[in-house]
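A closer look at the structure
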Amino acid sequence: MKILGIETSCDETAAAVVEDGVKILSNQIASQVELHARYGGIVPEVASRQHILAIIPIIEQAMSEAEATWDDLDGIAVTIGPGLAGSLLVGVNVAKAIALAHGLPITGVNHLEGHIYANWLTNSTPRFPLVCIIVSGGHSDLVLMRGNGDYVVLGRTRDDAAGEAFDKAARILGLGYPGGPAIQEAARNGNASSIQLPRAWLKGTSDFSFSGVKTALLRLVEGGKVLSKADGAASFQEAVIDVLVTKTIAVAKEHRVKQILLAGGVASNELLREWLVKNSSIPVRFPEPVLCTDNAAMIAACGYFRFKAGKVDGLDLDVIPSLRLG
Ligand code: KG4
Ligand code: ZN
C-alpha cells in the first residue's frame, strides 16, 4: 500500500511516498529555516506564503523520486494539527485537491502521532507496550502505547517544551536559530559543570517544566556569570537532558514496557540519545536525525496505520491547530 504524505504544520514543506508504513520510497523537505532565521523565530504569515510556493514542486519531486504515478497511490495522509493554522491549511487543501482529482482516500494525521511513527521507518518494527517521549518545538509528551493508534499521555510539560527551551536558551546565549542544533554544537567545546543550573523534578508526577532552567540561565547571563557561550550551552543541555532521561526511564520501568522510543526534533540530540541508551536497561530506539525533525515520511507511515484501521476522512476535513494526543 503506497501512501503520499504531506506535512506543512510549521516551517517545513514536505512530501513523501511510503510503502506499507515502513519503507520510504521518497522523502522531500523544503526548509524555511533561512527565511525565518533573520527574525529569530517563525513568522506565521511568512511560513504559510512560503508553503504556497513550495508545496506543488515538493509533491512533484516526491512522486518522481518514488517513481510513482497517481495510479500507484492508495491514499493521501496529511497533517491536520497541531501547528500554525495558515500553514496547515495549505497542506490540507492541496491534499483534498489531489484526492478529488484522482479519486484517492484521504486521512488527517496528528503531527505528534506522525513523530512517533517515524520510529516505524527504521530497520525493525517497534514492540508494544512501549513508552515514547515526544520532544519537539511545541511539545514534551510522555506517551504509553499498547498498540497502534492507542495513546495514554502520562506526562507533559507544564510550561516550555524542550525544543522551545533550547531555542530560548540559544537566543539568551546569542547562538542563533534554530537553537537545538546550535546549543548541541556549542556545547561540544564547553564544560557542563562550570555553571550550576537547576532541574525541575516535579516529584510524584511525570510532567516536565523547563522555564525555570531557562530563567536561571538568563539571570546568570545578565549578571555576567556566564563567561563562555560553550559552557552555558553545555550546562543548559545537560540540565534539560538529565531530566528528560531520568523521568523517561522511571516511567518506562513503572509501566514495564518492552521499548522506549524517542521522537520529535529534540530526539536528534546526541547527548539525549547517548544518555538514554547508557542508562536504560530497557531497549531504546530512535529514528535517524532527518526523520526526527519535521518530515512527511512520518505522516505517510502514520497514515498507513490509520487507513488499515479504517480511519478515512471526508473532503470536509478541517485543520485543528491545537490538536492534542490521547
Ligand atoms: O519536531 P520539530 O522539527 O518541529 C516541531 O514539531 O516543533 O522540532 C523542532 C525543535 C526545535 O525547537 C529545535 O531547536 C529542536 O527541535 N532541535 C534540537 C536538535 N535539533 C532540533 N534540540 C536539541 N538538539 C538538537 N540536536
Ligand atoms: Zn514536529
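Note that this is a predicted model, so its numbers are computed, not measured.

**A word on the overall build of the protein chain**
Helices and strands together make up the secondary structure of the protein chain, namely eleven helices and ten strands. Computed over its C-alpha atoms, the radius of gyration of the protein chain comes to 20 Å, within 12% of the 20 Å expected for a compact globule of 326 residues. C-alpha extents for the protein chain along the principal axes are approximately 60 × 45 × 30 Å. For the protein chain, long-range pairs separated by at least 24 residues make up 73% of all intrachain contacts whose partners lie at least 6 apart in sequence. Counting every atom, the protein chain has about 13,500 Å² of accessible surface; 51% of that belongs to carbon and sulfur.

**A few points about the environment of A14**
Tracing the backbone shows A14 in strand β2 (residues 12–19). In this structure the C-alpha to C-alpha distance between A14 and H51, which are 37 residues apart in sequence, comes to 9.2 Å.

**Describing the domain arrangement of the protein chain**
Interface size is commonly expressed as the accessible area that is lost once the parts come together. Split into domains, the protein chain comes out as domain 1 (2–118 + 291–308) and domain 2 (127–286). For domain 1 and domain 2, the distance between their C-alpha centres works out to 26 Å. With 16 residues of domain 1 at the interface, the matching set in domain 2 holds 18 residues. Counting each side, the surface lost to burial between domain 1 and domain 2 is near 1,300 Å², with a carbon and sulfur contribution of 70%. It is L112, I116 and C292 that lose the most area in domain 1 upon contact with domain 2, and together they represent 43% of the buried surface on that side. Joining domain 1 to domain 2, the criterion identifies zero salt bridges. Summed over the shared surface of domain 1 and domain 2, the result is five residue pairs in polar contact (both at pLDDT 80 or more). Per-element accounting of the side of domain 1 that touches domain 2 gives the leading share, five residues, to helix α4 (residues 111–117). Classifying every residue of the side of domain 1 that touches domain 2 by side-chain character gives nine nonpolar, five polar and two charged.

**Overview of the packing of helix α5 (residues 162–173) against helix α8 (residues 229–254)**
Where α5 contacts α8, the two axes come as close as 10 Å, and the packing angle between them is 165°. On the basis of their axis angle, the class for α5 and α8 is roughly antiparallel. For the element pair α5 and α8, the recorded crossing hand is right-handed. Across the interface between the two elements, A162, A165, F166, A169 and L173 from α5 touch K229, G232, A233, F236, Q237, V240, I241 and L244 from α8. Here the residues of the contact of α5 with α8 sort into ten nonpolar, two polar and one charged.

**Remarks on the packing of aromatic side chains**
Taken as a whole, this structure holds seven aromatic pairs when the rule is applied. Ring centres of W120 and F305 lie 6.2 Å apart, and the angle between their planes is 65°; on these two criteria the pair is classed as edge-to-face. Taken as a pair, W120 in the loop between α4 and β6 (130–135) and F305 in helix α11 (residues 297–308) lie far apart in primary sequence, 185 residues in all.

**A word on the site of ligand 1**
The full set close to ligand 1 counts 19 residues, and G137, D167, G180, G265 and N269 are the nearest of them. Measuring from a nitrogen atom of ligand 1, one finds a side-chain N or O atom of S268 at 3.3 Å. Alone, ligand 1 offers 550 Å² of accessible surface; in the complex the protein occludes 88% of this. Mapped onto the shell around ligand 1, the elements with two or more residues apiece are α4, α5 and α6 (179–187). Residue contributions to the shell around ligand 1 peak at four residues, all from α6. Here the shell around ligand 1 is built from residues that sort into three nonpolar, 14 polar and two charged. For the shell around ligand 1, the domains that each give at least three residues are domain 1 (2–118 + 291–308) and domain 2 (127–286).

Conventions used here
Residues numbered from 1 in each chain as written. Chains lettered and ligands numbered in written order. Predicted model: local features only at pLDDT ≥ 70, side-chain atom pairs only at ≥ 80, totals over all residues. Heavy atoms only, no water. Helix = DSSP H or I, 4+ residues; strand = E, 2+ residues; numbered from the N terminus. Rg over C-alpha atoms; globule rule 2.2 N^0.38 Å. Contact = heavy atoms within 4.5 Å. Areas by Shrake-Rupley, 256 points an atom, 1.4 Å probe, with all protein chains shown as cover. Domains from an automatic or database assignment. Buried area = accessible area lost by both parts, 1.4 Å probe. Salt bridge = Lys/Arg side-chain N within 4 Å of Asp/Glu carboxyl O. Polar contact = N/O pair within 3.5 Å; in protein donor to acceptor, adjacent residues only side chain to side chain. Nonpolar A, V, L, I, M, F, W, Y, C, P; charged D, E, K, R; others polar. Axes fitted to C-alpha atoms, helices over the stretch in contact; angles between N-to-C directions. Parallel < 35°, antiparallel > 145°, perpendicular 65-115°, else oblique. Left-handed = near helix turned anticlockwise from the far one by under 90°. Phe/Tyr/Trp six-rings, centres within 6.5 Å; stacked < 30°, edge-to-face > 60°. Near = heavy atom within 4 Å.

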